[in-house]
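# An overview of the molecular structure
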Amino acid sequence: MFYNRVVYLRSLFPEDVETYTPMQTVEQYERGKLSYVQKQLIPSLLFVRCTEDWLVRFKMAHNDDFMYYASLESGKPGVIPDKEMHSFMLVTSADAGRNVKYFGIDAPEYHTGDRVRVTGGIYEGAEGYIKRIKKDRKLIVSVTGVAVVAVSYIHPDFLEKI
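### Side note on the packing of aromatic side chains
Summed over the entire model, instances satisfying the criterion amount to five aromatic pairs. For the pair Phe 47 and Phe 88, a centre-to-centre distance of 5.5 Å together with 65° between the ring planes defines the contact as edge-to-face. Here Phe 88 lies in helix H3 (residues 82-93) and Phe 47 lies in strand S4 (residues 47-49), a separation of 41 residues in the sequence. Through pairs of rings, three or more aromatic residues link up here, namely Phe 13, Trp 54 and Phe 58. One residue, Arg 115, lies across the ring of Tyr 129, its end atom 5.4 Å from the ring centre.

### Some words on the pattern of salt bridges
In a structure, side chains of opposite charge can pair up when their charged atoms sit close to one another. Under the counting rule described, the total for this entry stands at five salt bridges. The residue Arg 49 makes a salt bridge to Asp 82 at a minimum N-O spacing of 2.5 Å. Here Arg 49, found in strand S4, pairs with Asp 82, found in helix H3; they are 33 residues apart in sequence, far enough to count as distant. Exposure remark for Arg 49: the relative accessible area of 43% places this residue in the partly exposed category. Of the charged contacts, one joins Glu 127 and Arg 117 as a salt bridge, the two residues approaching to 3.1 Å between their closest N and O atoms. Separated by 10 residues along the polypeptide, Glu 127 in strand S7 (residues 127-133) and Arg 117 in strand S6 (residues 115-118) bring together distant segments of the chain. Accessibility expressed as a relative area gives 8% for Glu 127, which makes it buried. Look at the salt bridges and you will find they share partners, linking Lys 83, Arg 115, Arg 117, Glu 127 and Glu 160 into a network.

### A closer look at the nonpolar core
Of all hydrophobic cores here, the largest spans 24 residues; its most connected members are Phe 47, Phe 88, Val 91, Tyr 123 and Leu 139. Where this core is concerned, the elements lending two or more residues are H3, S6, strand S8 (136-143) and strand S9 (147-151). The leading source of residues in this core is H3, at four residues. Counting residues in each nonpolar core, the second largest holds nine residues, with Val 17, Leu 55, Phe 58 and Phe 66 among its members.

Procedures and definitions
- Residues numbered from 1 in each chain as written.
- Predicted model: local features only at pLDDT ≥ 70, side-chain atom pairs only at ≥ 80, totals over all residues.
- Heavy atoms only, no water.
- Phe/Tyr/Trp six-rings, centres within 6.5 Å; stacked < 30°, edge-to-face > 60°.
- Helix = DSSP H or I, 4+ residues; strand = E, 2+ residues; numbered from the N terminus.
- Lys NZ or Arg CZ within 6 Å of the ring centre and 35° of its normal.
- Salt bridge = Lys/Arg side-chain N within 4 Å of Asp/Glu carboxyl O.
- Buried < 20%, exposed > 50% of the residue type's maximum accessible area, 1.4 Å probe, protein only.
- Core = buried A, V, L, I, M, F, W, Y, C linked by side-chain atoms within 4.5 Å.

Structure representation (structure tokens):
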């Protein structure tokens, strides 16, 4: 969590440190005109791919600017498996970002149902769960301990059970 300082903090990272911020396209009405703008899907959240040592040193140098999620067991920076992060990035970075809804940290009530893989379309390769929410079938993708997002209906022809 970066306390709405994502752009500032990202500018401090060297080029070889990968970052990802989940974004969505939203409609904005201003002065009677409709426009589409990119906004953070989950405010103040920035994913960073780096070594643990680098992140700990960075945290020490910029302690007032941000915090990171730590493992409950070790207290060290939390690690997100590549496969989980890949699915999360697929559904939060696609052009259809307006169909993504953020549900908060690990909303467990959305983790029931069949585990599936998307086999076609813009979300191809994403893995998650199918759940009915407000009478609509959604693909639920989570980053354990960080966030859960839901993507609108995906045709059953593009889903396979895992």
